[in-house]
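Observations on the model geometry
Take a look at the letters that make up each chain.
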Amino acid sequence: QVQLVESGGGLVQPGGSLRLSCTASGTIFSPYTMAWYRRAPGKERELVAGITRGGNTNYADSAKGRFTISRDNAKNTVYLQMNSLKPEDTAVYYCYAQQLVVEPGIYWGQGTQVTVSS
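Keep in mind that this is a model prediction, so the values were computed, not measured.

**With respect to the pattern of salt bridges**
Enumeration according to the criterion identifies four salt bridges in this entry. A salt bridge links Arg38 to Glu46, with the nearest nitrogen and oxygen atoms 2.9 Å apart. Two residues, Arg38 and Asp89, come together in a salt bridge whose shortest N-O distance is 3.0 Å. Taken together, the residues span a long stretch of sequence, with Arg38 in strand E4 (residues 33-39) and Asp89 in the loop between strand E8 (77-82) and strand E9 (91-99) at a distance of 51 residues. The pair Arg38 / Asp89 is uniform in exposure class, with both members buried. Sharing partners across several salt bridges, the network here consists of Arg38, Glu46, Arg66 and Asp89.

**A word on the side chain of Asn76**
Structurally, the position occupied by Asn76 is in the loop between strand E7 (67-72) and E8. For Asn76, a relative accessible area of 13% translates into the label buried. Among the polar contacts made by the side chain of Asn76, one reaches the main-chain amide nitrogen of Ser30 at a distance of 3.4 Å. The residues contacting Asn76, other than those within four sequence positions of it, are Cys22, Thr23, Ala24, Ile28, Ser30, Pro31 and Met34.

Reading the values: rules and limits
- Residues numbered from 1 in each chain as written.
- Predicted model: local features only at pLDDT ≥ 70, side-chain atom pairs only at ≥ 80, totals over all residues.
- Heavy atoms only, no water.
- Salt bridge = Lys/Arg side-chain N within 4 Å of Asp/Glu carboxyl O.
- Helix = DSSP H or I, 4+ residues; strand = E, 2+ residues; numbered from the N terminus.
- Buried < 20%, exposed > 50% of the residue type's maximum accessible area, 1.4 Å probe, protein only.
- Polar contact = N/O pair within 3.5 Å; in protein donor to acceptor, adjacent residues only side chain to side chain.
- Contact = heavy atoms within 4.5 Å.

So, to be careful, I would describe these as geometric facts and stop short of saying anything about function.
Given below as structure tokens:
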């Protein structure tokens, strides 16, 4: 009953920027944690950035200083602002949400492709 929908992916040149958005809907009430993961070609899925309902954040080392995660609790939406993109950022980016009440669990979006190339 919980649905996560991502948007904002696409093709960008090295050094460019993208802003990803993910909105949660359905049987969900202000997820405790929302995050962005990614899976690059030939690699396992990894955490990029996470944020709690109260605004506490953490980032992968590769994302620090370049990416910023934020959320709008009223809209159940999480964002990932990606600046200074590098070819190694190319991956499918997945939205993640953890809910602690009503229907506790972990939920995933379908993913959005980010390609960084000249």
